[in-house]
Each structure stands twice: as structure tokens, then as C-alpha cells.
Amino acid sequence: SQLCSSSAAAAASAMGPTQSPPVTFDSINPKVLKLLLYTCTLLLFIIQVLKCEYAVRGEIVSHAQRLQQELQTKPGSRPFDEILYCNIGNPQSLGQQPITFFREVLALCDHPSILDKSETHALFSADAIARAWQILDLIPGRAGGAYSHSQGIKGLRDAIAAGIAARDGFPANADDIFLTDGASPAVHMMMQLLIRSEKDGILCPIPQYPLYSASIALHGGSLVPYYLNEATGWGLEVSEVKKQLEDARSKGIAVRAIAVINPGNPTGQVLAEENQREIVEFCKKEGLVLLADEVYQENIYVDNKKFNSFKKIARSMGYGEKDISLVSFQSVSKGYHGECGKRGGYMEVTGFSADVREQIYKVASVNLCSNISGQILASLVMNPPKVGDESYESFIAEKNGILSSLARRAKALEDAFNSLEGVTCNKAEGAMYLFPRLHLPQKAIEAAKAANVAPDAFYARRLLDATGIVVVPGSGFGQVPGTWHFRCTILPQEDKIPAIISRLKAFHESFMEEFHD
Ligand SMILES: Cc1ncc(COP(=O)(O)O)c(CN[C@@H]2CONC2=O)c1O
């Protein structure tokens, strides 16, 4: 270990005092290098689990589940007849329909023997049948139930790389892609690789999606917060990041990476291209790994913003493999497809040395491989039907129908929140959430204190008990101290939105009446 630390120190001094030393074989989590000590890591994992929080399924949700039970056993016992789960970005649990073409291909790949039957041609579109044959031919021996390569089926990674290249206009390499059971395990893998001890820090946005704080806690690292600016529509200011980075370094924290969620969860902002360039420049200058969480890349609701991957931005600045370490996360859980339960996604890993890449592969191989249906779905998401395909018209109608409805719901809820006394709410430019700010009367804050809960949790609980609507307190995502928020999804079906808004308004008016200073 002396050898490792001295070469890391040598690398650090060569890079100058202000830069984070590059991620090298010697400077990744030694537990990854010594994977044999799995048992002790497991023990550490259990200890850390006790520390980590995951607000999206926290106490408010548990109470909602109890209320749901009560409604089933005692109908009419509450002033509402159903629980509306607006706490989790789980579109299909709230009635969103899956994309027909994706499900046709999945079904055919899952039961290849029906591909030859004449009835199949009456039930499935010709291009779904063709795509299923194409995909099955990429699976060795067409064995859809076999373990695959630990990074995922090569042919599917080729298809995803082609989809990334078509999206960005820059090449992508199948060997850089690790197919995973959703983006979550990919994030955990990178935290496992980067975090050696609590002396290693990861810059995270505040408010943040609690996967990051939970994963950092589970892997024994330090979360280095950078506050998004609510006053500028949740802007990510590099000056704020730099301040937090220098503060962490002054406390002896080796800041290794920065997580950027774009579009943002829970804040819904879409980064401007210029801002992205500043972030790439900053990462290159400071030697930070850029963890680009882009799972909402298809969820853009405003005309003045578009999604640019950080890979595209970096390459358009002339930065390649040798200039910046960039990990881009994608998922089948979001977008217009919302296939959360299918557990598909990937991370595209670029800018690491071959020996570090080998260690990432080793971590991926511990779980053998991700599920094959999720792999197939990820390849479909990145290569959907194109103009001229038989299914294109129906596919694009389903896709645009869902996205335009989400945009309308986002706007309707944003306007409703902004109409409430003491509530301000930034636009949801993308993603699936609104994060309104509560300017609560002092009496409400004191009542929360007396109940020993955070004011936004107090509000969320009262909202649930009065309306059956489940939201997540802002405390679960982090917020500027002294400010209070909650996160509400835009996912309830569109015909339910007016009822939700009227229930929200009625509750809020009575709440403010009760606690008026
Ligand atoms: C920003 C972000 N990254 C990663 C994930 C994980 O996605 P996978 O399903 O691919 O693992 C989520 C899930 N969103 C959570 C789940 O629902 N509501 C949320 O805030 C997310 O919001």
C-alpha cells in the first residue's frame, strides 16, 4: 500500500496542487483490487446500509401504504377514496402504457418458437418480427436465458453504440458500454471503484436524487455538496462547485468526481449548452471524473432547451479519451417508455486507462451479467423504429402522445403550485418532477418542531392525510438550509390532474388558514 500511495502522491505532485490526481490503477478503491475480501466488504455494506437514506420510499410512503390498507378494509374511512402516489418516477404504475413496438420485440425474443408460426404474423408487426430475428441472431446460440458477456451482449452494445453515435454525431464504441439492470447499479459500480475511504469525495448537486447520497454512504465516501441555484431556475454555477471543491480539498478530502443530473431530478432543469461546456472545462482543469446522469434525456418539455449529452459537448470541444474521464448513464425507466420494472440501462465509460477499465470490468463481472430483457430493451430505446419502418407511424404517435401529455401535466401542476399562497415553483423543463418551495408561516414551522419532523415532512404528511396524495419532502433531496420544498411527480394520468389540483388547493388553503401567523 506504501507503493500505491507513493505513486499516487507522485502523480498528484506532477499534476500540481490544485488538481485531483487522475484515476489510476493505484488510486481506485483497493477493495476492488482485492475482490477476494468480499466478506468484509459485505460486512461494511451492511453497516453502511443502516446509515443510508432513500427518501423516495421513506416514512411518508410507508404511511401511505398503511392508509391504502385501511381504505381496502374500511372504505369511506378517509376523506378520499384512493392513494395517489406522486412520490416516485414510476410511470406505468400510474397508468402509462408501454410502447407497443418495444413490447412486441421483447415478447418475440422471450419466446422465439412463436416466430415461425403463421398466427404470429397476424398478431405482430412485420418489423417487430424482423427486429426480433435480428436481435436473436446477436445472442450466441439464440440462448436468451443464458448468462451473457458481463458487459452485455456484444451485438446489442454495437446497436447501442450506433444509437449514441447517431444521437451525438460523434463515434461511440461498444467496448465502452456496460449494460446494467437499470442505471442504479451502474452508479453503484462507479462509486465502488472511486471511493477508497471517507477521505474520498464525490461532488453532488443539492437537491439531489438520493441514489447518490445513499451510494456514497454505502461505499463509505464523503458527499461534497454543490447547491443548485433556485433563483436562476436551478442553475448549476461552476463558481459554486469550485468553492465547494476547494473547501473539501482544504479539509483533506480527495474529490474524485462530480455527479451532474441532466435533466435534473428533483429540480427538472435542462442545462444550457454553454453551462455544459463550462462544466466539461472545469472537470478537465480539476481532474474530476464527470458522472453524467442522463436518464431523462428524452424528457424535454420546453422549446428553448434541447438535450445535449456531455459526451457530445466534450467531443465538440475537441476533448477526447485522453482529456476527460466521462461516465454517461442511461436507463429504460424514464423517457417515454417508462419501463422501470424491466431493469435496463447502461453506462458508457470513456477516458480511463486500460488497467482501470479492466477493474471496472472486474466489478461488472462479479454480478455475472445484467438481465437479457433489460439489455434488449436498452438496445430498442437507443434504436427505435425509424421513418419508413412499418411501425414508425404508430411508434412516433405513442411516443409524442406520451411526451406531449407529460409536458401539459408539468405545466398544469407548475401553474397550480404557483397559484398557491406562499408557494413558488420553477418550471419543469424536463425529467418528471416539480419541486415547489414552501414559504411556511412560523406557526407551521413550530408545529413541525413540536411533532419532531422537518417542516416540509410535516406539510407532506398533512397533505397525505387530507387528500391521499403522496409527495416526497424536500429534506429527502437536500435543500438550502432554512428553505422547504417537496417533490411531486407529473405522472398521474392527465384526466386525474384537475382533481389533484383541486384537492391540493383545498388542502393548502385550509393548512395556511390553520397556521397563519
Ligand atoms: C436521476 C436518476 N438516476 C438514476 C435513476 C435510477 O434509474 P433505474 O431505474 O435505471 O435504476 C433514477 C430513478 N428515479 C427514481 C425512481 O423513481 N423516482 C425517482 O426519483 C433517477 O431519477
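Please refer to the structure higher up on the page.
Definitions and cut-offs
Residues numbered from 1 in each chain as written. Predicted model: local features only at pLDDT ≥ 70, side-chain atom pairs only at ≥ 80, totals over all residues. Heavy atoms only, no water. Helix = DSSP H or I, 4+ residues; strand = E, 2+ residues; numbered from the N terminus. Rg over C-alpha atoms; globule rule 2.2 N^0.38 Å. Buried < 20%, exposed > 50% of the residue type's maximum accessible area, 1.4 Å probe, protein only. Contact = heavy atoms within 4.5 Å. Areas by Shrake-Rupley, 256 points an atom, 1.4 Å probe, with all protein chains shown as cover. Lys, Arg positive; Asp, Glu negative; His and termini not counted. Charge placed at Lys NZ, Arg CZ, Asp CG, Glu CD. Near = heavy atom within 4 Å. Polar contact = N/O pair within 3.5 Å; in protein donor to acceptor, adjacent residues only side chain to side chain. Nonpolar A, V, L, I, M, F, W, Y, C, P; charged D, E, K, R; others polar. Salt bridge = Lys/Arg side-chain N within 4 Å of Asp/Glu carboxyl O. Pairing = 2+ DSSP bridges. Axes fitted to C-alpha atoms, helices over the stretch in contact; angles between N-to-C directions. Phe/Tyr/Trp six-rings, centres within 6.5 Å; stacked < 30°, edge-to-face > 60°. Lys NZ or Arg CZ within 6 Å of the ring centre and 35° of its normal. Parallel < 35°, antiparallel > 145°, perpendicular 65-115°, else oblique. Left-handed = near helix turned anticlockwise from the far one by under 90°. Core = buried A, V, L, I, M, F, W, Y, C linked by side-chain atoms within 4.5 Å.

A. Region of interest: the overall build of the protein chain. Helix and strand counts for the protein chain come out as 19 helices and 14 strands. A globule of 517 residues ought to have a C-alpha radius of gyration of about 24 Å, and the protein chain, at 24 Å, matches this closely. Across its three principal directions, the C-alpha atoms of the protein chain cover 70 × 65 × 45 Å. Out of the 517 residues belonging to the protein chain, those deemed buried represent 54%. Considering only residue pairs separated by 6 or more positions, the protein chain has 73% of its internal contacts joining residues 24 or more positions apart. With the model as given, the accessible surface of the protein chain reaches about 21,300 Å², and the carbon-plus-sulfur share is 57%. Charged side chains of the protein chain number 50 positive and 56 negative; the gap between the two group centres comes to 4 Å.

B. A look at the site of the ligand. Taken together, 18 residues lie around the ligand, and Ala183, Ser184, Asp293, Tyr296 and Ser331 are the ones closest in. Between the ligand and alanine 183 there is a distance of 2.6 Å, counted from an oxygen atom to a backbone nitrogen or oxygen. In this structure, an oxygen atom belonging to the ligand sits 2.6 Å away from a side-chain N or O atom of serine 184. Here the ligand, which alone exposes 500 Å², has 95% of that area covered by the protein. Here the shell around the ligand is built from residues that sort into eight nonpolar, six polar and four charged.

C. Spotlight on the pattern of salt bridges. Inspection of every chain in the model, using the stated rule, returns 26 salt bridges. With a closest N to O distance of 2.8 Å, glutamate 82 and lysine 496 form a salt bridge. With a gap of 414 residues between them, glutamate 82 in the loop between helix 4 (59-73) and strand 1 (84-85) and lysine 496 in the loop between strand 14 (484-489) and helix 19 (497-515) connect regions that are remote in the sequence. Its relative accessible area of 27% is what places glutamate 82 among the partly exposed residues. The partner of lysine 399 in a salt bridge is glutamate 298, with the nearest N and O atoms 3.6 Å apart.

D. Structural view of the pairing of strand 7 (residues 326-331). Most of strand 7 sits out of view: six of its six residues are buried. The side-chain alternation of strand 7 yields two buried faces, one formed by Leu326, Ser328 and Gln330 and the other by Val327, Phe329 and Ser331. When strand 6 (residues 289-293) meets strand 7, the two strands line up parallel, connected through four bridges. Bridge pairing links aspartate 293 to phenylalanine 329 in strand 7.

E. Structural context of the sheet that holds strand 4 (residues 222-227). The strand order across the open sheet built from seven strands is 2-8-7-6-5-3-4, with neighbouring strands paired in mixed fashion. In this open sheet, the two edge strands, each paired with only one partner strand, are strand 2 (177-180) and strand 4. Neighbouring strand axes in the sheet, compared pairwise and without regard to direction, differ in orientation by 20° on average. Pairing of strand 7 with strand 8 (residues 345-350), which is carried by six bridges, proceeds in the antiparallel orientation. Bridging across to strand 8, glutamine 330 finds its partner in tyrosine 346.

F. Up close: the packing of aromatic side chains. Evaluation of the coordinates by the stated rule reveals 14 aromatic pairs. When the centroid spacing of 5.8 Å and the interplanar angle of 75° are considered together, the rings of tyrosine 336 and phenylalanine 395 count as edge-to-face. Placement of the pair is tyrosine 336 in the loop between strand 7 and strand 8 and phenylalanine 395 in helix 16 (residues 392-419), with a sequence separation of 59 residues. On the basis of relative accessibility, which here comes to 2%, the residue phenylalanine 395 falls in the buried class. Among the aromatic residues, ring-to-ring pairing joins Phe417, Phe458, Tyr459, Phe486, Phe507, Phe511 and Phe515 into one connected group. Positioned above the aromatic ring of tyrosine 433 is the side chain of arginine 487, whose terminal nitrogen or guanidinium carbon lies 3.9 Å from the ring centre.

G. Main features of the packing of helix 11 (residues 238-250) against helix 12 (residues 273-286). One can describe the packing of helix 11 onto helix 12 by two numbers: an axis separation of 11 Å at closest approach and a directional angle of 20°. By the angle class used here, helix 11 and helix 12 are roughly parallel. In terms of crossing hand, the pair formed by helix 11 and helix 12 is right-handed. Residues Val238, Val241, Lys242, Leu245 and Arg249 of helix 11 lie in contact with helix 12, whose contacting residues are Glu278, Ile279, Phe282, Lys285 and Glu286.

H. The environment of alanine 128, seen in detail. Along the polypeptide, alanine 128 turns up in helix 7 (residues 126-136). Relative accessible area serves as the criterion here: at 0%, alanine 128 is assigned to the buried category. Those residues in contact with alanine 128 that sit more than four places away from it in its chain are Phe101, Glu104, Val105 and Leu108.

I. Spatial organisation of the side chain of arginine 157. Assignment of secondary structure puts arginine 157 in helix 8 (residues 154-168). The contacts of arginine 157, once residues within four sequence positions are left out, are His149, Gln151, Gly152, Ala174, Asp175, Ile177 and Leu179.

J. Inspection of the nonpolar core at higher detail. Among the nonpolar cores identified, the biggest contains 123 residues, and Met190, Tyr212, Leu291, Phe329, Met347 and Phe417 are the most heavily contacted of them. Per element, the largest residue contribution to this core is ten residues, and it comes from helix 16. If near-sequence neighbours (up to four positions away) are discounted, methionine 190 is found in contact with Leu291, Val327, Phe329, Met347, Phe352 and Ile360. Val255, Leu271, Cys283 and Leu326 belong to the second-largest nonpolar core, a separate cluster that totals 31 residues.

K. How the structure looks around unusual backbone geometry. Proline 207 follows isoleucine 206 through a cis peptide bond whose omega is 5°. Residue position: proline 207 is located in the loop between strand 3 (200-206) and helix 10 (211-218). Along the chain, asparagine 262 connects to proline 263 via a cis peptide bond; the corresponding omega equals -5°. Mapped onto the elements, proline 263 comes out in the loop between strand 5 (254-261) and helix 12.

L. Geometry of helix 15 (residues 372-381). Burial analysis of helix 15 places nine of its ten residues in the buried class, which makes it a mostly covered element. Of the positions making up helix 15, those classed as buried are Ile372, Gly374, Gln375, Ile376, Leu377, Ala378, Ser379, Leu380 and Val381. A distance of 3.3 Å separates the backbone nitrogen of serine 373 from a side-chain oxygen at the start of helix 15, and that oxygen is part of asparagine 371.

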